[in-house]
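What follows is each chain in one-letter form.
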Amino acid sequence: MPPIIEVSDLTKEFTRPDVRPGRFAGTRSLFTRARKVTTAVDGISFQIGEGELIGFLGPNGAGKSTTIKMLTGILVPTSGTVTVAGQVPWRDRRRNARSIGAVFGQRTQLWYDLPLRDSFEIIRDLYSMDPATYRTRLGEFTEILDLDEFIDTPVRSLSLGQRMRGDLVAAMLYAPPILYLDEPTVGLDVVAKGKIREFVAEINAGRRTTVILTTHDMDDVERLCRRVVIIDHGKILYEGDVEMLKAQYVTSRDIVVHCTDFDATTITSPFAQVVSADAFKATLRFDPERTAVPKVVHDLTSRYPITDLSVLEPDLEDVIRQLYTERTPNAR
Ligand SMILES: Nc1ncnc2c1ncn2[C@@H]1O[C@H](COP(=O)(O)OP(=O)(O)OP(=O)(O)O)[C@@H](O)[C@H]1O
């Protein structure tokens, strides 16, 4: 996959007057020129391949939005370089806008008083879209996202989930090769979340759109991303496969065993510890570094007449929590 986004040693500092408390605090800061510098992004480098769908994660205040704003050309970095589809985003914002679609969960880019359909038609005209292509694309998107029931409703009357679906369509109508999604599922119910994930998966796999997904929802990541870039205090904490991340941080795995022909409280294992048990079910915990899953499973199934057995998937939420807590205290 050739890189479509290349970020090198990117830094963004925000400087603002350091206003101190006191009667003449404002005046004093003006005269002394006291400044407070926040390094929101601190020398990060990464690449995103064409057609990739990556999760861009980090705790609140980590520097995610600031990074995305530099990638979209809204902010100019303090230092470092960025190329997006061969362009420097903040240099030619108009050209860059054609290469990207963006959806920011908290606010809409649609026309508030107009029905969704009218907003889409404005976008069609703004991007000089061919009418047939427009119709086909809108038809496909309408089907995946069930837009029919609210496409003629003014944006201000839409529910959050409906509006978000409208925003996604607006961002993808002109088929930009790159889509930035900032918290696209925040505050939505499970059905709306499902629809949005389905759409994102389709435009990525079916249309080869490169997607950068910022989210605090680990279900979004589990369902959509193979690779993640995790930042904190403006620095990269982890970059790589989700599975590798789990393998690196998961120190224990659980196996749940069900039985009907014997008492599950009698189960023991040389490789795992029983953490809970009743007559019909036992949960055993083992260290995947020391014992491979098949070994534990084989041992249990060869010694007990087990009716059902499941190895629980490591929880990404736990892994990420552990990563954030273990982060180097002098990261910034
Ligand atoms: N315009 C600004 N002026 C001063 N400081 C800012 C500005 N924008 C962001 N910051 C600071 O930069 C840091 C990174 O903020 P940013 O919004 O990029 O974080 P984030 O990872 O997107 O967080 P969240 O998940 O809460 O949206 C924070 O400390 C924030 O207060």
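The coordinates are above.
Predicted, not measured: the structure shown is a model, and the values here were computed from it.

Enquirer: Sorry, what's going on with the sheet that holds strand 1 (residues 3–17) here?
Expert: Whether parallel or antiparallel, the strands of a sheet pair through hydrogen bonds between backbone atoms. Reading across from one edge, 2-1-4 is the order of the three strands in this open sheet, with antiparallel pairing throughout. Of all strands in the sheet, those with a lone pairing partner are strand 2 (35–49) and strand 4 (79–84), marking the two edges. This sheet shows a mean twist of 25 degrees between the axes of neighbouring strands, independent of strand direction. As paired elements, strand 1 and strand 2 share 12 bridges and run antiparallel to each other. Each bridged residue has a counterpart across the sheet, and for Thr-15 the counterpart in strand 2 is Val-37.

Enquirer: Can you help me understand helix 7 (residues 190–205) in this one?
Expert: Its 16 residues place the ends of helix 7 22 Å apart at the C-alpha level, agreeing with the 22 Å of an ideal helix rising 1.5 Å per residue. Residues of helix 7 that are buried include every one of Lys-193, Lys-195, Ile-196, Val-200 and Ile-203, and no others. All buried residues of helix 7 project into a common sector of 160 degrees when viewed along the axis, lining one side. Of the exposed residues in helix 7, the ones pointing more than 90 degrees away from its buried face are Val-190, Val-191 and Ala-205. Residues of helix 7 that are buried sit in contact with helix 5 (131–145), helix 6 (160–172), strand 6 (178–182), strand 7 (210–214) and helix 8 (218–224).

Enquirer: Sorry, what's going on with the site of the ligand here?
Expert: The full set of residues close to the ligand is Phe-14, Arg-16, Thr-38, Ala-40, Gly-58, Asn-60, Gly-61, Ala-62, Gly-63, Lys-64, Ser-65 and Thr-66. Every element with two or more residues in the shell around the ligand is listed here: strand 1, strand 2 and helix 2 (64–71). Residue contributions to the shell around the ligand peak at three residues, all from helix 2. Here the shell around the ligand is built from residues that sort into three nonpolar, seven polar and two charged.

About the criteria used
- Residues numbered from 1 in each chain as written.
- Predicted model: local features only at pLDDT ≥ 70, side-chain atom pairs only at ≥ 80, totals over all residues.
- Pairing = 2+ DSSP bridges.
- Helix = DSSP H or I, 4+ residues; strand = E, 2+ residues; numbered from the N terminus.
- Axes fitted to C-alpha atoms, helices over the stretch in contact; angles between N-to-C directions.
- Expected span 1.5 Å × (residues − 1).
- Buried ≥ 20, exposed ≤ 12 C-beta atoms within 10 Å, placed from the backbone.
- Arc of directions from axis to C-beta.
- Contact = placed C-beta atoms within 7 Å.
- Near = placed C-beta within 6 Å.
- Nonpolar A, V, L, I, M, F, W, Y, C, P; charged D, E, K, R; others polar.

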